[in-house]
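# Analysis of the macromolecular model
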Amino acid sequence: MSYGRLKIYSDAREITAENVVDEVSEAYAVHYRNQADINTLWDYYRGKTKILYKEKEIREEINHKINENRAYEVVKFHKGYVFGEPIQYVRRENTASKLSDDVIATDINALNGYMSDAKKSACDNDLAEWMYVAGVGYRLILPNKDWTTDGDEPPFTIKALDPRRVFVVYSSDIDERCLMAVYCVERELGEKVFSVYTDKWYFEFEEFGPVTVKPNPLGLIPIVEYPAENARMGVFEAVMSLLDALDELQSNRLDDIVQFVNSFLAVLGAQLDE
């Protein structure tokens, strides 16, 4: 496993219907490596650690496998510390427009209300969990078709995406602008379907299939990537060997205790028999 997720770049100036399949194919090769790392980290976070495969050649019947799962504890601490309370939007500075303070305050309150209706706080928690485990997180924001001015629905929907299914490609130029965001769905029979967003177009195609092209009315890419840090590492990734050592230490310690107690009871039983 590599340390930190690889950032994906492309030399293309623009993603078009003519080059989208080739560009996605090249980028997917890098994403596939990241996906394998994320699977390993996600399993580790859920408790599938090295200690579960512990073996003993001597007294193999005494083989405790203690999983303290400090990775889970570390992620929960970071998530609770940073995202424990819902984010609230406030006014940052005076506006140059002629809008009154009451109008601006009303707009900010409306925005906070929309975020609450869209369950942004729950989305932030899901996003943080992926970000702290995998090193990257992704958010999708799309208009809500059910929204009306006098209804209870927010004008947009927010969702945290599984980073094993999505990736963002950046330009290799100095500005590193975002060229496209790709979401990949694998069907029951194994075929992959790619949904590609650029600021101008939406592309959809299956492996080796025709490309469907539609204009992107938003004028922007609705998928945003959130790296946990410049190294794009999970919060426990750098200390996994230490966490494995702690599990092994606790397991071997319990093995020694049980073996000592069994030996002591055997000697005591033999003395009583005499």
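In case you missed it, the structure is sitting above this.
Please read these numbers as outputs of a predicted model, since none were measured by experiment.

All right, on to the side chain of Gln-35 then. Position of Gln-35 relative to the elements: it lies in helix 1 (residues 20–45). Apart from the residues within four sequence positions on either side, Gln-35 is in contact with Tyr-28 and Arg-164.

Moving on to the sheet that holds strand 9 (residues 223–227). Ordered by their spatial adjacency, three strands build an open sheet running 3-2-9, and the pairing between neighbours is antiparallel. The outermost strands of the open sheet, each flanked by one partner alone, are strand 3 (156–161) and strand 9. On average, adjacent strands in this sheet sit at an angle of 20° to one another, irrespective of strand direction. Looking at chain direction, strand 2 (residues 136–143) and strand 3 are connected through six bridges and run antiparallel. Bridging across to strand 3, Arg-139 finds its partner in Ala-160. Helix-sheet contacts for helix 4 (residues 120–134) involve strand 2, strand 3 and strand 9, and the interaxial angle to strand 2 is about 150°.

Taking 1.5 Å per residue as the helical rise, helix 4 with its 15 residues ought to reach 21 Å, and the 20 Å between its terminal C-alpha atoms agrees with that figure. Judged by how many residues are buried, helix 4 sits mostly within the fold: eleven of 15 residues are covered. All of the buried residues in helix 4 are Lys-120, Cys-123, Asp-124, Leu-127, Ala-128, Glu-129, Trp-130, Met-131, Tyr-132, Val-133 and Ala-134. Contacts made by the buried residues of helix 4 are with helix 1, helix 2 (70–83), helix 3 (101–117), strand 2, strand 3 and strand 9. Backbone geometry just after helix 4 places Gly-135 at a positive phi near 95°.

Rules behind the numbers
- Residues numbered from 1 in each chain as written.
- Predicted model: local features only at pLDDT ≥ 70, side-chain atom pairs only at ≥ 80, totals over all residues.
- Heavy atoms only, no water.
- Helix = DSSP H or I, 4+ residues; strand = E, 2+ residues; numbered from the N terminus.
- Contact = heavy atoms within 4.5 Å.
- Pairing = 2+ DSSP bridges.
- Axes fitted to C-alpha atoms, helices over the stretch in contact; angles between N-to-C directions.
- Expected span 1.5 Å × (residues − 1).
- Buried < 20%, exposed > 50% of the residue type's maximum accessible area, 1.4 Å probe, protein only.

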